[in-house]
Amino acid sequence: MDESKELFETMPMAKALAKMAVPTILCQLITMIYNLADTYFIGQTNNPYMVAAASLSYVLYFILTSLSNLFGVGGGSLISRLLGKNRPEEATKVCAFSFYGTIVVTIIYSGLCLYFMEPLLHLLGATENTIVYASQYTLWVIVYGGIPSCLSMVMAQLLRSEGYAKFASIGLGGGGILNIILDPIFMFVILEPGNEVLGAAMATMISNCVALILFAAVFFHLRKTTVLNVSPRNLTPEKSSILSIFSVGLPSAMGTLLACLSNTVVNKLTSNYNDFALAAIGIVKKIDMLPMNVGVGLCQAMLPLVAYNYAAKNYKRMHEFANAARKVGMAFAAACIIIFEFLAPQIILLFIEDSATVQYGIHFLRIAVLATPFMICNFQMSYTFQAMGKGAKSLLLTSCRQGLINIPLLFLMNAIFGLYGIIWTQLLADGLTVLISIMFYSNMYKGLLLEEQTEKKICNAQA
């Protein structure tokens with residue numbers, strides 16, 4: 001039995017999850033650190049307009065992430081299921097289709113961002129004080145760096161789909177570490193004062209290009225021994241495979257887009273108060289990336305394990321992986337609540353010393369962290385459905401969390417409670433969505449067990 005097959009089928013559950021999760025979470029944390037590094041180094045200027053501009057531009061980067069989910073989650077989930085069904089040839093075709101599809105979609109998105117840059121940034125909440133900085137960040141990170149950034153994220157997902165979490169982490173982690181090194185060099189050494197946002201953006205773009213080169217080397221090394229081959233000759237997947245990629249990838253992408261829309265509404269509503277509150281929101285969202293990235297890392301590690309065992313109809317092992325990921329996520333969420341509540345002032349001061357921004361940030365952080373357990377649980381449920389190819393259920397859950405429940409609540413809470421009502425909204429939306437998530441998963445798993453029992457009875461009767 002090869003190492004990949006052993007990981008999915010026979011390796012002890014805790015060991016298999018750890019083997020996938022540890023490098024994936026480390027990679028997510030490195031990614032988080034380099035995103036925080038941009039905010040940290042920009043914050044050293046004590047210019048809230050620069051911090052606010054980077055936060056606004058990050059929404060467009062978030063949309064880029066959603067495009068990577070289209071082919072990364074959609075294609076990666078399908079590859080794991082095809083391997084569970086012992087169909088490696090079709091898995092190779094899905095890999096190639098996901099690779100080239102990412103390039104085409106990213107070119108279109110980057111072109112649109114270039115053409116409509118100022119209207120888009122104003123729509124996101126940019127003011128006369130922030131538009132120049134936001135345009136600099138968008139040009140270098142989204143327009144020039146769109147393809148290497150998006151393609152790197154997709155290639156990492158494709159590597160995890162066959163169990164190569166370590167290689168995925170080397171690519172993304174290597175780029176992240178380089179970004180941390182290059183940020184201060186470009187911001188404070190190479191470029192003149194006043195160009196700190198431009199320096200951070202240039203460092204990010206170069207780092208993403210290096211990450212893409214690392215992934216290209218890994219794929220070249222694995223091309224003859226795995227299904228991860230992106231030769232154009234393999235660009236002929238079955239129609240059912242293409243539909244399956246989009247049936248899971250589109251809901252995942254839409255979920256991220258809804259999160260972007262939710263963040264846009266938050267930024268827009270907050271910008272009606274003042275730029276200091278907007279800067280504080282941006283900082284808190286960056287800090288909130290710690291539990292979010294750990295939760296996403298757990299989900300990304302869990303997804304191929306759940307997908308493979310679901311396709312192989314080993315429902316018990318599938319359920320054990322999902323449960324284990326959820327328990328680890330809840331434990332980490334509890335730790336985050338304790339740390340953020342007690343150390344909120346010290347954490348905010350790491351990013352900026354402007355007194356007005358700091359005061360907003362302390363209060364915002366202590367409220368926002370309370371949603372962490374619900375957020376991680378919702379992620380885990382959504383990824384479980386994506387792993388099983390049930391994109392519609394995943395989309396419904398994400399739509400509830402970031403759209404159907406969250407956005408109307410934002411306007412309502414803002415109208416009733418003002419600025420702090422905006423901050424409390426995510427806790428309410430996540431809490432309500434968890435109830436729906438648990439109900440969906442419980443009913444689905446009972447149905448799978450019933451199906452398994454029925455098949456056993458038929459087999460026994462035929463015997």
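This is a predicted model, so every value here is computed, not measured.

Here we take up the pattern of salt bridges. Under the definition given, this model contains one salt bridge. Residue Arg87 pairs with Glu238 through a salt bridge whose shortest N-O separation is 2.8 Å. Of the two residues, Arg87 is situated in the loop between helix H3 (48-84) and helix H4 (88-115) and Glu238 in the loop between helix H9 (196-222) and helix H10 (239-271); the sequence distance between them amounts to 151 residues. Judged by relative accessible area, Glu238 falls into the partly exposed class, the value being 35%.

As a further point, take the nonpolar core. Ranked by size, the top nonpolar core spans 74 residues in total, and within it Ile79, Leu159, Leu228, Met318 and Tyr441 carry the most contacts. Not counting the four nearest positions on each side in its chain, Leu159 is found in contact with Tyr164, Phe167, Ala168, Phe215, Val218, Phe219, Leu222 and Leu228.

It is worth spelling out the state of the cysteines at this point. Summed over the entire model, instances satisfying the criterion amount to zero disulfides. No disulfide involves Cys95; its sulfur sits 15 Å from that of Cys150, the nearest cysteine.

What follows concerns the side chain of His319. Inspection of the secondary structure puts His319 in helix H13 (residues 315-349). Apart from residues lying up to four places away in sequence, His319 is in contact with Tyr441 and Tyr445.

The subject of this paragraph is the packing of H3 against helix H6 (residues 131-144). One can describe the packing of H3 onto H6 by two numbers: an axis separation of 8 Å at closest approach and a directional angle of 35°. By crossing handedness, the relation of H3 to H6 is classed as right-handed. Residue-level contacts link Tyr49, Met50, Ala53, Ser57, Leu60 and Tyr61 of H3 to Tyr133, Ala134, Tyr137, Thr138, Val141 and Ile142 of H6. Here the residues of the contact of H3 with H6 sort into 10 nonpolar, two polar and no charged.

With that settled, the discussion passes to the environment of Tyr115. Note that Tyr115 resides in helix H4. Residues Tyr115 and Val143 lie 28 residues apart in sequence; the distance between their C-alpha atoms is 9.9 Å.

Before going further, it helps to spend a moment on the packing of H13 against helix H14 (residues 355-368). In contact at an axis separation of 9 Å, H13 and H14 are set at 150° when each is read in the N-to-C sense. Between H13 and H14, the angle is such that the two are roughly antiparallel. Helix-helix and strand crossings are classified by hand; for H13 and H14 the assignment is right-handed. Contact with H13, carried on its side by Phe340, Glu341, Ala344, Pro345, Ile347, Ile348 and Leu349, involves Val358, Gly361, Ile362, Leu365 and Arg366 of H14 and no other residues of that element. When grouped by side-chain class, the residues that make up the contact of H13 with H14 number nine nonpolar, one polar and two charged.

What counts as what
- Throughout, residues of each chain are indexed from 1 in the direction in which the sequence is written.
- Local features are withheld for residues below a pLDDT of 70 in this predicted model, meaning they are given only at 70 or higher, and side-chain atom pairs are given and counted only at 80 or more; totals for whole chains, interfaces and linings count all residues.
- Hydrogens and water are ignored here; the side-chain numbers use all heavy atoms of the structure.
- Should a side-chain nitrogen of Lys or Arg be within 4 Å of a carboxyl oxygen of Asp or Glu, the pair is scored as a salt bridge.
- A run of H or I in DSSP becomes a helix once it reaches four residues, and a run of E becomes a strand once it reaches two; helices and strands are each numbered from the N terminus.
- For every residue, the accessible area (1.4 Å probe, protein chains only) is compared with the maximum for its type, and the residue is labelled buried under 20%, exposed over 50%, or partly exposed between those bounds.
- Only buried Ala, Val, Leu, Ile, Met, Phe, Trp, Tyr and Cys residues count toward a nonpolar core, and they belong to the same one when joined by side-chain atoms within 4.5 Å.
- We call two residues in contact whenever any of their non-hydrogen atoms come within 4.5 Å of each other.
- Whenever a pair of cysteine sulfur atoms sits within 2.5 Å, that pair is classed as a disulfide.
- Fitted lines through C-alpha atoms give the axes, limited to the stretch in contact for helices. The angle between two N-to-C directions lies from 0 to 180 degrees.
- Crossings are assigned a handedness: left-handed for a near helix turned anticlockwise from the far helix by less than a right angle, right-handed for a clockwise turn.
- Just so you know the grouping, Ala, Val, Leu, Ile, Met, Phe, Trp, Tyr, Cys and Pro go in nonpolar, Asp, Glu, Lys and Arg go in charged, and all remaining residues, Gly too, go in polar.
- The scheme is simple: roughly parallel for angles under 35 degrees, roughly antiparallel for over 145, roughly perpendicular for 65 to 115, oblique for anything else.

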